[in-house]
Amino acid sequence: MLKHNLGYPRIGIQRELKKACEAYWSKKIDSVTLFEVGKKIREENWKMQKMANLDLIPCNDFSFYDHVLDMSLLLGVIPESYLSVPIIHNNIDLYFSMARGFQKNGWDIKAMEMTKWFNTNYHYIVPEFDKNQKFSIFSKKIFDELEESKKFLKSIKKIKPVLIGPVSYLFLGKEKDKSFDRMDLIENLVPVYTQIINELKNKGTDWIQLDEPILVLDMSEKEKEAFQYAYKEISKFCSKTNILLTSYFDGISENVFLLRDIFVKALHIDLVEDSEQLEGILNFVKESKMILSLGIIDGRNVWKNNYTDSINKIEKTIESIGENRVMIAPNCSLLHVPINIEYEHFIHDDIKNRMSFARQKINELNDLECIIKGNKDILLKNFSLLEKSKKSSIFHDKKIKERATRIKNKDTQRENPFHIRQKKQKNKFNLPLFPTTTIGSFPQTKEIRNLRNKFRKKELSKKEYDQKIQSFIVDVIKKQEEIDLDVLVHGEFERTDMVEYFSNKLKGTLSTENGWVQSYGSRCVKPPVIYGDVSRTGDMTVDWTCFAQSKTRKLMKGMLTGPVTILQWSFVRDDQPLYHTAYQIAWAIREEVLSLEKSGIQIIQIDEPAIREGLPLKKKNWKSYFDWAIQAFRISSSGVKDETQIHTHMCYSEFNDILEQIADLDADVITMETSRSRMELLKAFSIFSYPNEIGPGVYDIHSPRIPTVEEIFDLIEKASKKLPVRNIWVNPDCGLKTRKWEEVLKSLKNMTEAAKIARIKLSNQSS
């Protein structure tokens, strides 16, 4: 029985990669220093996995920004606009320009589009394909890292290079025009894959991991044909290579037939997300010589493995196909979990003892192997730990459980439908056409981070800390008034993160010290841990929002994070259904909304950027998800009066197929990302005839480039051709926390100027 891992976190235990990349972008270090940091992280990762006695250790799972972007560079899928810049002299600058845009010396090239990696909170850079797309080996990164790992591990037999499979890679991209289907490119792409695989084989590697998460989706006929073509060709030209074909994030029962006429050495399946697929897959592989890799360690959550459950699956598989045809691994890359629980010092022992980060998860594979070999003490210890938590008051509160599920119709309905609420709100607020606002946060400078750090270390009193935060709020209000925004925000300077902030205010949740995971590029987040039943113990945002409102005559927007996003962007308890936890959070947010309204706040934003992300990957499971996700949002938002305007925000997802459900949220205003896609999304919103108000993002905050007045006006004009002018807001596509003030001020000034031009030029469309 082989133990292996699909991928390891690449940011470094102290976010060394983030710091190095940002230092390189600001020209504080050179590329040599940047590459040295990358090498140290890779070596530390290999060392940890070697110490865990893994039989196969991944390489090429490291990335300076994004592994999908790495594949684009490897395959030469580089938009011509980046190659044409004469002052980009090396691959790393080309690479970062594709991810972040390029604005220098008269050149102004936008960053490539970014979206969510399946149903996770990781974002990837979307490949762009031409009709006559050519593929070739452009980057040598994968070969360089193979040689590096050989030298470090001193054993080529342990190394498993990782690649995104050809069909999933095409699926993850987009066509530059609609004259072709990107799956038609498979015949051009596969020869390059076979070349890469054979070159890796020639360098001595025995195993190569090809990730094909597309297998867990509702694949189109075109995608199925592309898959069968690709792997028949790979089987033909790479027959001497041990290919591990991996799937994750759901089951592959519906698509396993695609493997009938191809040869791969091993198949990896996700038994965390879909344990029921095991029996059918065993029936499929029983008569073949294929090895089955069981994904039984949860690579997306922080709880210890249930060894009893895992051993049952392993023993069932061994009984069916024999121990020499079994591999065990996490269900997916450990990219999605923090690195080491040993760096957490303030978590209650009863909770911490139930937790497992990346380093602990690879050691759990060792435990499972020891149990299979006869060590029952490990199994009994694990069983006792899990049983103890079932009875602990730390994890369970009967009153909260009962209250959360007592839901009446009036709890999820506004007093009147939107068209009535809209008239009342317009009369009350008297906002201009194309009202301007931001999504919520403003730049979190080094000064602000240092302030919070001093407060945490008790080097500042609460009074001193509050006074300083108040001064930041007063300053940001002044800046917004000078820019002439219509609806202001308080800047969220007291918040480290839009979810973590609330985790520190809610009972049943906690924040970690070093539980960092990568969201995109150098952006790292610390997801809270929801370990118990959730409730609100007091006001969470009211004081700061009311203070801000007292400093301006303009409307001040209250800023909250919605229940589904808090759920999705946290590590959630695994001992009760998700919807139970969602309803508990929803009632807590509802109490905060009502407290804001009672305190005089007239516009309240309940952000739900993760509602699309939480959608099951298979359509057959969508209805049950939306039944509780929409209900949770409406519990949180429906207690207010008609005159109180509820906003929500969503970003970086494909919404075309869920517009009806987005409308069912019944938010008065929705803001979302559309700037990178040049308003593509609005085609669907206009066809659907979205009934409420909408703020399509006109300023891409994930890139440092500053949009011009002309290009922002162009986006507003595009929106006005798809939507009623009276329903359009003008805003950035996301919060501004990660940007610098010099970028933000210029961009927002251009945005408000463009909105004013639109009020003059497009006002005739407002009837």
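Quick summary incoming for the structure in this document.

What counts, and where the lines are drawn
Residues numbered from 1 in each chain as written. Predicted model: local features only at pLDDT ≥ 70, side-chain atom pairs only at ≥ 80, totals over all residues. Heavy atoms only, no water. Core = buried A, V, L, I, M, F, W, Y, C linked by side-chain atoms within 4.5 Å. Buried < 20%, exposed > 50% of the residue type's maximum accessible area, 1.4 Å probe, protein only. Helix = DSSP H or I, 4+ residues; strand = E, 2+ residues; numbered from the N terminus. Contact = heavy atoms within 4.5 Å. Lys, Arg positive; Asp, Glu negative; His and termini not counted. Salt bridge = Lys/Arg side-chain N within 4 Å of Asp/Glu carboxyl O. Phe/Tyr/Trp six-rings, centres within 6.5 Å; stacked < 30°, edge-to-face > 60°. Lys NZ or Arg CZ within 6 Å of the ring centre and 35° of its normal. 1 Å grid on protein atoms, 1.4 Å probe; cavity = no way out; pocket = protein on both sides within 12 Å on 5 of 7 lines; lining within 4 Å. Points joined across faces, edges and corners; volume = space filled by probe spheres on them. Nonpolar A, V, L, I, M, F, W, Y, C, P; charged D, E, K, R; others polar.

Attention now moves to the nonpolar core. Counting residues in each nonpolar core, the largest one holds 118 residues, and the members touching the most others are L75, W117, Y169, F227, Y231 and L292. With 8 residues, the single largest contributor to this core is helix α8 (residues 186-202). For L75, the contacting residues outside a window of four places in its chain are K134, F135, S136, Y169, L189, V192, Y193 and I196. With 100 residues, the next largest nonpolar core counts I566, F626, A663 and M672 among its residues.

Relative to the helices and strands, R100 is located in helix α5 (residues 91-100). Although buried, R100 forms no salt bridge, and the nearest oppositely charged side chain, E743, lies 6.2 Å from it. Ignoring sequence-local partners within four residues, the contact set of R100 consists of W25, Y65, A111, S703, P704 and R739.

Turning next to unusual backbone geometry. Even without glycine at this site, N430 takes up a positive phi of about 55°. Looking at the element boundaries, N430 is found in the loop between α16 (418-429) and α17 (446-456). Owing to a relative accessible area of 66%, N430 belongs among the exposed residues under this scheme.

Attention shifts here to the packing of aromatic side chains. Under the defined criterion, the tally for this structure stands at 24 aromatic pairs. Geometrically, the ring pair formed by F129 and Y169 is edge-to-face, given 5.7 Å between the ring centres and 75° between the ring planes. Placement of the pair is F129 in strand β7 (residues 128-129) and Y169 in helix α7 (residues 166-172), with a sequence separation of 40 residues. Across this residue pair, the class does not change: F129 and Y169 are buried. Taken together, the ring pairs connect W117, F118, Y124, F171, Y248 and F249 into an aromatic cluster. The lysine or arginine in question, R15, covers the ring of W516, its NZ or CZ lying 3.7 Å from the ring centre. Over the ring of W25 we find R100, and its NZ or CZ is 3.8 Å from the ring centre.

Within this structure, the stated rule accounts for 4 cavities of 30 Å³ or more. When residues of the lining of the largest cavity are traced back to their parent elements, those giving at least two are α3 (67-75), α6 (141-153) and β8 (159-164). The biggest single contributor to the lining of the largest cavity is α3, with 4 residues. For the lining of the largest cavity, the per-class residue count stands at 13 nonpolar, 6 polar and 5 charged.

That is the geometry; function is a separate question.
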